[in-house]
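# Residue-level structure breakdown
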Amino acid sequence: MTRLSPETLALLPGDVARPTYDRGAMRAGVVHFGPGAFHRAHQAAAFDTLLAHDPRWGITGVSLHSQGVAQALGPQGGLYTLALLDRQTRYRVIGSIGQVLTGKAPQAILGAMAHADTRIISATVTEKGYCLGADGALDTTHPAITADLTGAGNDSWVPQSFIGWLVQGLGARRRAGLPGLTVLSCDNLTDNGRKLEAATLALAQQVDPQTAAWIVDQVCFPNAMVDSITPATDDALRAQVAAATGLEDAWPIQREGFTQWVIEDRFAGERPALDLAGVTFAADVRPFEMAKLRLLNGAHSTLAYVGLGLGHETVAQAMQDAALARFVERLMREDIAPSVMAPPGLDLSRYIADVLARFANPAIRHLLSQIAWDGSQKLPYRLLGTVREALEAGRPITRLAVPIAAWLRFLERAARSGTAITDPLAADLLARASDWRAVLAMPAVFGTLGQDAQLFDAVAKAHAALAAGQLEPV
Ligand code: CS2
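Residue numbers run consecutively from 1 along every chain, following the written order of its sequence. Only residues with pLDDT of 70 or above have their local features reported here, since the model is predicted, and side-chain atom pairs are shown and tallied only from 80 upward, although totals for entire chains, interfaces and linings are computed over all residues.

### Observations concerning the overall build of the protein chain
- Helix and strand labels come from DSSP, where a helix needs a run of H or I of at least four residues and a strand needs a run of E of at least two; each type is numbered from the N terminus. If you tally the helices and strands in the protein chain, you get 20 helices and 11 strands.
- Only C-alpha atoms enter the radius of gyration, while the globule expectation follows 2.2 Å times N to the 0.38, with N the number of residues. Compactness check: the protein chain gives a C-alpha radius of gyration of 22 Å against a globular reference of 23 Å for 474 residues, within 12% of the reference.
- Viewed in the frame of its principal axes, the protein chain has a C-alpha envelope of about 65 × 55 × 45 Å.
- With C-beta atoms placed from the backbone, a residue is labelled by how many other C-beta atoms lie within 10 Å of its own: buried for 20 or more, exposed for 12 or fewer, partly exposed between the two. For the protein chain, buried positions account for 50% of its 474 residues.
- In the protein chain, 77% of the contacts between residues at least 6 apart in sequence involve partners at least 24 apart. Here, residues touch in the contact sense if the C-beta positions derived from the backbone fall within 7 Å of one another.

If you want it as structure tokens, here you go:
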């Protein structure tokens, strides 16, 4: 079968959307770390829309630790197909990614970051890519950060961590006399821009104080909230895309029709006109982040750990389980919503109903096991902040303890059956998993909350209820 590429674009059927701009005239205004599915489903599509108006906002992707994306997109000239899963699936070929660099070419990465065309360095490196401790600050005991703390303030240093790369890339810009730029985090962390700013400065102050001062002066780190459900690519999608487009695509992407991107209006220099692609610029993104992380992602992780325990495979299947769907809705409405400050103009009750309808969408096969990845990194942002605030306000945490207990049981099952889990703390978690109390005592995940007697009690009850096949402790 013929491969998707700039030369074969014209073979696409008329109903498949494709770049309407001259890709040859595209310049790379963005260097993006982590060009995985979430980025390619969402931000790259927004820039693809913007490129029809302004050729300066192409993207150079950077995959530090894997070759897969570069290998898939290289022969396709950066092109890939996005399947939009609505009542009727629509297909769109995205052209905004010009090239993908890998960690094997550090000088090329540095060259891209310190290029005059680059105005934004953005990231979807997932929670663990930030190397933060439970307090949200840079974890200086993290092996990649320990290595980067010996980094030199010159162009030959090859950093290990994403934070190290930011310090190095921004340092190279400073040394080249280039202006600062905007560093845009698009990951699911509360206060993502501020946390990234603090972590970058913490490392820069140690290894390159001149660059640290320059960052304070010249670089902005807006907060941002990104939302679109993006199930991982599988062979079924590859086959579906081949059938619909007539071309072979090594790595197509799929996402739900819904998409939202809210960016804090805090740019260094020019702000791209992403509003043309439906992006909202807001003075304060925190209320949007909080509503999304606590309600949507909190409920997602609950469905994942409780649902897997009940033998469900996908989010939509778990939502068909009436008792589980009812439990998740009550959790959102009665336990999470009171800790969420609604963004201006957003009706929380309506938001909850919309999120639940998105979860129930039968057109989306979103594996619970995908959401269950990296629990130690996700739970603090998705559920533990809500628990902490509920405790402070004297609200009950009976139901909030259920997803925590379900995660502990998920770890227990994995340890017992010898199944590998994806989590940067996997070894420690699995070593402790046979006794949930030992996991709850891990400060790297629970901070001081692990010592809270009320939480301990609620988790014990939830754990016992789940073991007895009940969702709610009585
Ligand atoms: C999911 C998210 O995998 C997960 O942990 O909860 O990726 C979720 O689909 C997105 O945040 C939705 O915007």
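From this point, things continue past the structure.
### With respect to the sheet that holds strand β1 (residues 28-33)
- Reading across from one edge, β5-β2-β1-β6-β7 is the order of the 5 strands in this open sheet, with parallel pairing throughout. Unpaired on one side and paired on the other, β5 (97-102) and β7 (182-185) mark the two borders of the sheet. Here the average twist between neighbouring strands, direction ignored, is 20 degrees.
- Strand pairing is assigned whenever DSSP detects at least two bridges linking the two strands. Sheet topology note: the strand β6 (residues 120-123)/β7 ladder contains 4 bridges and is parallel. What sits directly across from Ser122, in β7, is Leu184. Note on method: axes are straight lines fitted to C-alpha atoms, helices fitted across the in-contact stretch only, with angles between N-to-C directions ranging 0 to 180 degrees.

### Considerations on the confidence of the model for the protein chain
- Here pLDDT means the predictor's own confidence in every residue, given as a number from 0 to 100. Of all residues in the protein chain, 100% have pLDDT values of 70 or greater, and the mean over the chain is 97.
- Across the predicted assembly, pTM comes out at 0.96 and ipTM at 0.99.

### What to know about helix α13 (residues 348-360)
- Every helix has an expected span of 1.5 Å times one less than the residues it contains. Its 13 residues give α13 an end-to-end C-alpha distance of 18 Å, which sits within 8% of 18 Å, the value for a rise of 1.5 Å per residue.
- What α13 keeps buried is the set Ile352, Val355, Arg358 and Phe359. All buried residues of α13 fall inside an arc of 125 degrees around its axis, so they share one side. Opposite its buried face, α13 presents the exposed residues Ser349, Arg350 and Ala357, each directed more than 90 degrees away.
- Those residues of α13 that are buried lie in contact with β9 (253-256), α10 (286-309), α11 (315-320) and α12 (322-336). Along the arc lie the directions from the helix axis toward the C-beta atoms.

### With respect to the site of the ligand
- Each residue receives a C-beta atom placed from its backbone. It is near a molecule or strand if this atom lies within 6 Å of it. Residues in contact with the ligand, as listed here, are Asn188, Asp227, Ser228, Ile229, Asn297, His300, Gln370, Ile371 and Lys378.
- Among the elements of the structure, α10 and α14 (368-371) are those that each provide at least two residues to the shell around the ligand.
- Split into classes, the residues belonging to the shell around the ligand amount to 2 nonpolar, 5 polar and 2 charged. Amino acid classes used here: Ala, Val, Leu, Ile, Met, Phe, Trp, Tyr, Cys and Pro are nonpolar; Asp, Glu, Lys and Arg are charged; the rest, including Gly, are polar.

### Some points on the UniProt feature "domain: Mannitol dehydrogenase N-terminal" (unreviewed entry) in the protein chain
- Under the local residue numbering, the UniProt record ascribes the feature "domain: Mannitol dehydrogenase N-terminal" (unreviewed entry) to residues 29-275.
- Spanning residues 29-275, this segment combines 34% helix with 20% strand, and its end C-alpha atoms are found 17 Å apart. UniProt positions are given in the numbering used here, feature names are shortened, and annotations may be inferred rather than shown by experiment.

### Notes on unusual backbone geometry
- Despite not being glycine, Thr126 has its phi angle at roughly 65 degrees, a positive value.
- You will see that Cys131, though not glycine, has its phi angle at about 55 degrees, which is positive.

### Considering the environment of Gly98
- The residue Gly98 is located in strand β5 in this model.
- Counting along the chain gives 306 residues from Gly98 to Ile404, while the straight-line C-alpha distance between them is 42 Å.
- Residues within four places of Gly98 in sequence aside, it is in contact with Met26, Ala28, Gly58, Ile59, Thr60 and Gly78.

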